[in-house]
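# Close look at the chain arrangement
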Amino acid sequence: MFAETSSRYVTRNPEILSGEPIIIGTRTSVRAIVGLWRLGIMPEEILNHLPHLTLAQVFDALSFYLDHQAEINEYIERNRVPNELIHPSVKAILGTL
């Protein structure tokens, strides 16, 4: 098994999420953390959604994102749920679609 460490807490492992950047020792992608942050959730509050992470891991993931925005944005777009598949009640709660 090959794992490439990209920063203190971010790594890539071809056997986990096809090599997408993740937090070391987890299957949590940088994409997931950035997705919450883009919804306006403060880094400290991201821990409420991903309690297995530390604040240092969250900040490192966001720092990694800022250095690799094009790549992470591509992962986000590739994994985006099409609007027509989102249930109307979810759209109403989000109010952004």
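Check the entry above for the structure.
Notes on the structure in this doc start here. Please read all numbers here as calculations on a predicted model, not as lab measurements. (Residues numbered from 1 in each chain as written. Predicted model: local features only at pLDDT ≥ 70, side-chain atom pairs only at ≥ 80, totals over all residues. Heavy atoms only, no water.)

### Some words on the packing of helix α1 (residues 30-38) against helix α4 (residues 69-78)
The following threshold applies: With axes taken as lines fitted to C-alpha atoms, and helix axes fitted only over the stretch in contact, angles between N-to-C directions fall between 0 and 180 degrees. Only runs of H or I of at least four residues qualify as helices and only runs of E of at least two qualify as strands under DSSP, and these elements are numbered from the N terminus. In this scheme, roughly parallel covers angles under 35 degrees and roughly antiparallel covers those over 145, while 65 to 115 is roughly perpendicular and the rest are oblique. Two residues form a contact once any of their heavy atoms are found within 4.5 Å. Residue polarity follows a fixed list, in which Ala, Val, Leu, Ile, Met, Phe, Trp, Tyr, Cys and Pro are nonpolar, Asp, Glu, Lys and Arg are charged, and the others, Gly among them, are polar.
Direction vectors running N to C along α1 and α4 enclose 85 degrees, while the axes themselves pass 10 Å from each other. Classified by the interaxial angle, the pair formed by α1 and α4 is roughly perpendicular. Counting all contacts with α1, which are made through V30, R31, V34 and R38, the residues of α4 involved are I72, N73, Y75 and I76. Of the residues belonging to the contact of α1 with α4, the class tally is five nonpolar, one polar and two charged.

### Points about the environment of T28
To be explicit about the condition: For this analysis, a polar contact is any N or O atom pair within 3.5 Å, provided that within protein one partner can donate a hydrogen and the other can accept it, and provided that sequence-adjacent residues contribute only side-chain to side-chain pairs.
Its place among the elements puts T28 in the loop between β3 (22-23) and α1. Apart from the residues within four sequence positions on either side, T28 is in contact with I22, I23, I33, L50, H52 and L53. Here H52 takes part through its side chain, which lies 2.6 Å from a polar atom of the side chain of T28.

### Quick notes on the packing of aromatic side chains
Cut-off, in case you're wondering: Pairing of aromatic side chains requires ring centres within 6.5 Å, counting the rings of Phe and Tyr and the six-membered ring of Trp. Pairs whose planes differ by under 30 degrees are stacked, by over 60 edge-to-face, and all others tilted. The classification of residues rests on relative accessible area computed with a 1.4 Å probe and restricted to protein chains. Under 20% of the type maximum is buried, over 50% is exposed, and intermediate values are partly exposed.
Under the criterion given, the structure shown has one aromatic pair. Note on W37 and Y65: the rings are 6.2 Å apart at their centroids and 75 degrees apart in plane angle, and the pair reads as edge-to-face. Of the two residues, W37 sits in helix α1 while Y65 sits in helix α3 (residues 55-67), which places them 28 residues apart along the sequence. W37 gets classed as partly exposed once you look at its relative accessible area, which sits at 32%.

### A short note on the environment of Q57
With respect to the element layout, Q57 can be found in helix α3. Taking C-alpha positions, Q57 is 8.3 Å from R8, a pair spaced 49 residues apart along the chain. In this structure Q57 touches Y9, I23, I24 and H52, once residues within four positions along its chain are discounted.

### Considering α1
To keep it simple, the criterion reads: Of all possible arcs, the one meant is that of the directions from the helix axis to the C-beta atoms.
Of all the positions in α1, only V30, I33, V34 and L36 are classed as buried. Seen along its axis, α1 keeps its buried residues to an arc of 160 degrees; they face one direction. Along its buried surface, α1 packs onto β2 (10-12), β3, α2 (43-49), α3 and α4. G40 lies just past α1 and shows a positive phi near 95 degrees.

### Overview of the pattern of salt bridges
Stated formally: We count a salt bridge whenever a side-chain nitrogen from Lys or Arg sits within 4 Å of a carboxyl oxygen from Asp or Glu.
In this structure the tally under the stated criterion is three salt bridges. In this structure, R12 and E71 form a salt bridge, with 2.5 Å as the shortest nitrogen-oxygen distance. Here R12, found in strand β2, pairs with E71, found in helix α4; they are 59 residues apart in sequence, far enough to count as distant. Overall, the relative accessible area of 17% leaves R12 in the buried class. Take E71: its relative accessible area is 24%, and that puts it in the partly exposed class. Notably, a salt bridge pairs R78 with E74, separated by 2.5 Å at the nearest N-O pair. Remark: E74 and R78 occur in helix α4; sequence separation between them is four residues, near one turn of the helix. We classify R78 as exposed; its relative accessible area is 55%. Among the residues examined, E74 registers a relative accessible area of 47% and is labelled partly exposed.

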